[in-house]
Structures are given as C-alpha cells and as structure tokens.
Amino acid sequence: MLTQEHSYHFTTDYLCSRGLDPADCLFFDIETTGFRASSSHLYMIGVACLGKDGWRILQWMAEKPSEEALLLRTFAAFIRPYSTMIQFNGNRFDIPYLEEKYAQYGLPSPFTGFTQCEDLYVLIRPLKKLLGLPRLNQKTVESFLCLQRQDPYNGGELIQVYRQFVKTGDPAEADKLWLHNREDVEGMLALTALYAYVALQDPDLSPQRLCFRQSDDLMTLTFSWQQDVSFPTRLQIRPEVFPVVIELADQQVHIHVSFLEGTLLHFLPDWKDYYYLPELDEAYHKSVSSFADASHRVKARPENCRIRQNGLFLPQPSACFTPVFQHEFKDPVYWLHADESFVGSPDTIVRYAQVLMQNILNIV
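What you see is a predicted model, and the numbers here were worked out from it, not measured in a lab.

Further remarks concern the pattern of salt bridges. Once the charged atoms of two side chains with opposite charge are near each other, the side chains can pair. One pass over the structure, following the stated rule, counts 13 salt bridges. Salt-bridge contacts for Asp184 lead to Arg149; the nearest nitrogen and oxygen are separated by 2.5 Å. Placement of Asp184 in helix 8 (residues 171–191) and of Arg149 in the loop between helix 6 (138–144) and helix 7 (155–168) is noted, with a sequence separation of 35 residues between them. By relative accessible area, which is 10% here, Asp184 ends up buried. Residue Arg301 is joined to Glu303 by a salt bridge in which the shortest nitrogen-to-oxygen separation is 2.8 Å.

What follows deals with the packing of aromatic side chains. Applying the stated criterion across every chain yields a total of 22 aromatic pairs. Connected via pairs of aromatic rings, a cluster forms that spans Phe28, Phe75, Phe111 and Phe114. The residue whose ring lies beneath Lys286 is Tyr275, and the NZ or CZ to ring-centre distance is 5.5 Å. Sitting over the face of the ring of Tyr275, Arg297 holds its NZ or CZ atom 4.4 Å from the ring centroid.

Taken in spatial order, the three strands line up as 12-16-17 in an open sheet, and their pairing is antiparallel. In the strand order of this sheet, the two ends are held by strand 12 (260–267) and strand 17 (334–337), each with one partner. Averaged over all adjacent pairs, the angle separating strand axes in this sheet is 70°, with direction ignored.

Estimates place the volume of the largest pocket at around 770 Å³. As for the largest pocket, its lining consists of 27 residues, of which Phe35, Phe93, Gly155, His180 and Asp184 are closest to the centre. Put simply, the parts of the chain that give the lining of the largest pocket at least two residues each are strand 2 (25–32), helix 6, helix 7 and helix 8. Examining the composition of the lining of the largest pocket, we find that four residues originate from one element, strand 2, more than from any other. Here the second largest pocket is characterised by a volume of approximately 290 Å³. Lining the second largest pocket we find 16 residues, and of these Ser17, Ala199, Asp202, Gln227 and Asp228 sit closest to its centre. Of all the secondary-structure elements, those providing two or more residues to the lining of the second largest pocket are helix 9 (195–198) and strand 8 (220–226). Ranked by residue count, the leading element in the lining of the second largest pocket is helix 9, at three residues. Class assignment for the residues of the lining of the second largest pocket results in seven nonpolar, four polar and five charged.

Moving on, we get to helix 2 (residues 68–79). For helix 2, spanning 12 residues, the distance from its first C-alpha to its last is 17 Å, which sits close to the expected 16 Å at 1.5 Å a residue. Every buried residue of helix 2 is accounted for by Glu68, Ala69, Leu71, Leu72, Phe75, Ala76, Phe78 and Ile79. In the core, the buried residues of helix 2 are packed alongside strand 2, strand 3 (42–51), strand 4 (54–61) and helix 3 (94–104).

This brings us to the side chain of Thr222. Checked against the element boundaries, Thr222 lands in strand 8. A polar contact of 2.8 Å, which involves the side chain of Thr222, links it to the side chain of His256. Contact partners of Thr222, with chain neighbours within four places excluded, come to Cys211, Phe212, Arg213, Ile255 and His256.

Another point: the environment of Phe111. Tracing the sequence through the fold places Phe111 in the loop between helix 3 and strand 6 (116–119). Owing to a relative accessible area of 9%, Phe111 belongs among the buried residues under this scheme. Phe111 sits 32 residues away from Ile79 along the chain, and the two C-alpha atoms are 8.6 Å apart. Discounting chain neighbours no more than four positions away, the residues touching Phe111 are Phe28, Phe75, Ile79, Met85, Ile95, Leu98 and Glu99.

Strands pair in a sheet through their backbones, by hydrogen bonds, and they do so in one of two ways: parallel or antiparallel. Pairing is antiparallel across the open sheet formed by three strands, whose spatial order is 14-13-15. Single-partner strands in this sheet number two, and they are strand 14 (282–285) and strand 15 (298–299).

Ranked by internal contacts, the top residues of the largest apolar core, which has 71 residues, are Tyr197 and Phe223. For this core, the element with the most residues is helix 12 (residues 346–358), which contributes seven residues. Leaving out residues up to four positions away in the same chain, Phe223 has contacts with Leu210, Cys211, Phe212, Val253, His254, Ile255, Val257, Ile349, Tyr352, Ala353 and Leu356. Among the nonpolar cores identified, the runner-up in size contains 36 residues, and Tyr97, Tyr162, Ala174 and Leu177 belong to it.

Structurally, Glu118 is set in strand 6. Glu118 sits in the buried class, given a relative accessible area of 6%. Among the polar contacts made by the side chain of Glu118, one reaches the side chain of Arg18 at a distance of 3.0 Å. When near neighbours in sequence (up to four residues on either side) are disregarded, Glu118 contacts Arg18, Leu20, Met85, Ile86, Gln87, Leu123 and Tyr195.

Calculation notes
Residues numbered from 1 in each chain as written. Predicted model: local features only at pLDDT ≥ 70, side-chain atom pairs only at ≥ 80, totals over all residues. Heavy atoms only, no water. Salt bridge = Lys/Arg side-chain N within 4 Å of Asp/Glu carboxyl O. Helix = DSSP H or I, 4+ residues; strand = E, 2+ residues; numbered from the N terminus. Buried < 20%, exposed > 50% of the residue type's maximum accessible area, 1.4 Å probe, protein only. Phe/Tyr/Trp six-rings, centres within 6.5 Å; stacked < 30°, edge-to-face > 60°. Lys NZ or Arg CZ within 6 Å of the ring centre and 35° of its normal. Pairing = 2+ DSSP bridges. Axes fitted to C-alpha atoms, helices over the stretch in contact; angles between N-to-C directions. 1 Å grid on protein atoms, 1.4 Å probe; cavity = no way out; pocket = protein on both sides within 12 Å on 5 of 7 lines; lining within 4 Å. Points joined across faces, edges and corners; volume = space filled by probe spheres on them. Nonpolar A, V, L, I, M, F, W, Y, C, P; charged D, E, K, R; others polar. Expected span 1.5 Å × (residues − 1). Contact = heavy atoms within 4.5 Å. Polar contact = N/O pair within 3.5 Å; in protein donor to acceptor, adjacent residues only side chain to side chain. Core = buried A, V, L, I, M, F, W, Y, C linked by side-chain atoms within 4.5 Å.

In structure tokens, the structure reads:
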C-alpha cells in the first residue's frame, strides 16, 4: 500500500462559525472502480485533519485490489480519535460504500464513534437557486468559489487509469490518481466557506444586530446586519417575483424591500357570510348587504369576497402579518399594509425582517 502526505493552508473560521471544533474534524473522500461495493474495488482514501503545524492531507492507495482490506483497516485506525466527519455527498455514496466493504470483510464499521456528520452536499443543496448553481457536483460548486484545479479527470475516467497502474506500476498513472483525490479533499476544505451562506437560513436578527432605514423617497426599506464570517463570493440577487434585492458582500447582508403604493385586495375567509355587490366590486357582510336590492347583489364566492385597501404595502413571503393583501385571488405574493403603526414600530419591523430571512430560500 502506498501513502502520501501534504500540508495545506486553510482557515478554520468557517468551521468555528458553524460551532465545530477544528481539532475534532475529519474530512475524507474515497476513490473506487464503480458505484456498487459488491462488484467494484476501493483503491484510495484521502483525509484531511488538523495537525500540530497546520492541516494535513493523507492519502492511502492500494497498489492492487488485494490490499483493499489493509486500506480499510488503516483508515479505521486513523479516524478513531475524531468525532466530527465532513464529506461531500458521503451520505449517499462514500459512507454506504465503505460500510458495505467493512461488512464484506467482517470488520466493524469505523463510523459508530462519530457524534456529528456534516455532508456539504446536503447543506448546499437548498442554496442551489440562491447561489445560481447549474449543478451540484463538487467541481461546479468549486467553480462558484473560483477554485482552479489541475486535475482534468472525473472519477469514472480514472477507473481505467487505476487499472493501468495495477498492470504497469507506472508512477505517472499513480500521479493522476493522487492528484484527483487530493484536490477532492482540498476542495472540501475550501467548500466550508459556504457555511457563510448556510447561516442565512437561521441568522441572529436580534434588535441589537439589525439596522434598518427607509430611502430618501420613503419607497424602499433596507435591512442590514453583519455576519461572523465573510461571504467568499459577492452576490446581488434579484428574485423574479418577490420585489427585493439581496446583497451579500464581505460580512455584510443588505436586504432592500420595495414598497408598493396603490390599491390591493383582502380576500375574506368566511365568504359564505357575504354578498358581492358588482357595482361596487366589493363584498359586504350579509347583516349589511341584505338591505340592498336583490338585483344588485349575488352570493359571494372565494374569488370575489374581497375588500379594497389604499396605501403603502410591503411584500411578505407567507401570511404572517394580517390582514393579508393580494393583487388578485391566489396571487403568489402576499402583502401587508405598511401603515403608520407598522412603520413606526421597531419591534414589528424586526419581526418582519426575521420572517423574510426565515423564508429566504422560498423568496429566491
């Protein structure tokens, strides 16, 4: 079995922002000759961990398929001291594959000692639209972070490279395998910077941290706060439907929400208790509208049981602030009436900002 070791410069700020202890974290990635453990071989495992002098990347490669069990035992012994495991799409592939291999050799699973498992793929998947990612494979996500690879191969292409290495022992073929796996592990370390975007789903929007202001023309409300870590890539996001602009740069988050000035509709839920008056294009409770001439009223339906409201409105992603207003029945965007009681209440505005961020992925 062959071994390589490299040092790697890597900031632990993002791990710490996630509440993880870097000294307890182990990153790993595997290389195989197929997707099914029962009909393929494990030929390489790469790990990254924090050593005395910084981050270390260690790799073990089986020179031939018969060294597979040795590779499994070496990995199991090495990872025993760690409690937090971090990988990319390992929940669906790496871990099930390895557990099946350990079972084939009658070896205990080495993963029982881990108290926390972070799958970067699972964490990033809800952010796909927010980050504008066309795909969610590791190389695509690395490209979002402007990471450059020397390795031109994918895992499938390297299967034949490994088979050729087993036949010839050619160091040049081995170098292709080492490079691909090492850059996979290095990429996982770099992808922890995406924790900055993950934090958007549950930000600390206490009144002490949140700043808000209206534009000079009073038609835009801006919320701002500072995160604990910087965003690795600056973004300006303009959702197609929801009238907000989201700016992410350095450690700053800015949410610009546009007011709507005009007339909107509030649809009454208890529509069976109302008549609709076509001439007024509004609904009135039967206790009032029953006095109107029968030819000027009809029984209300859900889509016309409505009242009108003039003024300024702010969009809301869910019906948290009542009464709820819409442009038309079943319009996907809800609005709240931004009257003086709303705009003049800092507590209500903070709650509004919290609702926006709790639904940020639905907004985008």
